[in-house]
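Summary of structural features
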Amino acid sequence: MDEVQIVVAHSERATLRVGDIFLKVDSNQANLEVEVEAMALAPVPTPRILWHNPPALALAAVPGTALGVLGKPSPASPAAWAAAGAAIRQLHEAPLPPWPGRRVDDVRTRLDTECEWLITNAVLPEALVIRNREIAETALRPYTPAFTHGDLQITHVFTENEALTAIIDWSEAGQDDPLWDLATLTLGHEDRLPHLLAGYGQDVDHEVIRAWWSLRSLSAARWLLEHGFDPNTPGCEFDVLRARM
């Protein structure tokens, strides 16, 4: 038997790797149901489902390597980033999935709650939080929803020989702002945005993407801290917020 590797493990979910098989267990069965349906609907390469037996999902490993990791420079070429951009555009132009997405008012409410928590608990300087909250407001505008991945972190996009091989982890897919995906993928890798847009297309509002960088970093900080991740690691969320000053 191959060695069991712990990929992710916290109170909400765990992912294990055994050879070329990934086993995902989630405390919220709805997350895995969304993942299975989203992968069936997405017009881009996704992992092959081996079996789904709630509360577990087994997936085959995908070829290629991730575009990078948060906090370190991406080793992927500009052409690989452009290939990712082209695939994401294809996803965003696909028919919407049947389940609803986030409401702007709910995003704003959570953002304000998290900003208050960051200030009250002296996690970040008040001026830093207030400035990024101001920037984040730009993202909270009316938009035309698209089929989005929802959690398009840089570690979730795989390429090989400058071609996209797979996008993984679809549990947050739904109807949302397409610029949310672009911002999530380039969080902490702002220098790669032009390469991504070379494949996606240039018809995007860069100010909205910058606003999503601030909003995601502010909204995710408490969850990261409470689940054993450090947003203050160089190049990660807190550095993204400081860069806006």
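So, a few notes on the structure that sits alongside this text. (Residues numbered from 1 in each chain as written. Predicted model: local features only at pLDDT ≥ 70, side-chain atom pairs only at ≥ 80, totals over all residues. Heavy atoms only, no water.)

A few words now on empty space enclosed by the protein. Applying the stated criterion across every chain yields a total of one cavity of 30 Å³ or more. In this structure, the largest cavity occupies an estimated 30 Å³ of space. Forming the boundary of the largest cavity are Arg103, Val104, Val107, Ala139, Leu140, Tyr143, Asp176 and Trp212. The class makeup of the residues in the lining of the largest cavity is six nonpolar, no polar and two charged. (1 Å grid on protein atoms, 1.4 Å probe; cavity = no way out; pocket = protein on both sides within 12 Å on 5 of 7 lines; lining within 4 Å. Points joined across faces, edges and corners; volume = space filled by probe spheres on them. Nonpolar A, V, L, I, M, F, W, Y, C, P; charged D, E, K, R; others polar.)

Here we come to the pairing of strand β4 (residues 49–53). Sheet topology note: the β4/strand β5 (residues 56–60) ladder contains four bridges and is antiparallel. Its bridge partner lying in β5, Trp51 is registered against Ala58. Taking the residues between adjacent antiparallel strands as the criterion, β4 and β5 are bridged by two residues. (Pairing = 2+ DSSP bridges. Helix = DSSP H or I, 4+ residues; strand = E, 2+ residues; numbered from the N terminus.)

Turning to the nonpolar core, a few remarks are in order. Within the largest apolar cluster, 59 residues are counted, with the highest numbers of intra-cluster contacts made by Leu67, Trp170, Leu182, Leu185 and Trp212. If you tally residues by element for this core, the top one is helix α7 (residues 206–226), at eight residues. (Core = buried A, V, L, I, M, F, W, Y, C linked by side-chain atoms within 4.5 Å. Buried < 20%, exposed > 50% of the residue type's maximum accessible area, 1.4 Å probe, protein only.)

This part is about the pattern of salt bridges. A side chain with one charge may pair with a side chain of the opposite charge, provided their charged atoms come close. A complete count under the given rule lists 21 salt bridges for this structure. Close ionic contact of Arg13 with Glu12 constitutes a salt bridge, the shortest N to O distance being 4.0 Å. Assessed through its relative accessible area of 24%, Arg13 is described here as partly exposed. The class for Glu12 is partly exposed, based on a relative accessible area of 27%. Its salt-bridge partner being Arg108, residue Asp105 comes within 3.5 Å of it at the nearest N-O pair. With Asp105 and Arg108 both in helix α3 (residues 104–120) and three residues apart, the pair spans about one turn of that helix. Here Asp105 falls in the partly exposed class, since its relative accessible area comes to 44%. Counted as one network, the salt bridges with shared partners bring together Arg103, Asp105, Asp106, Arg108, Asp112, Arg133 and Glu137. (Salt bridge = Lys/Arg side-chain N within 4 Å of Asp/Glu carboxyl O.)

As far as function goes, none of this settles anything; it's purely spatial.
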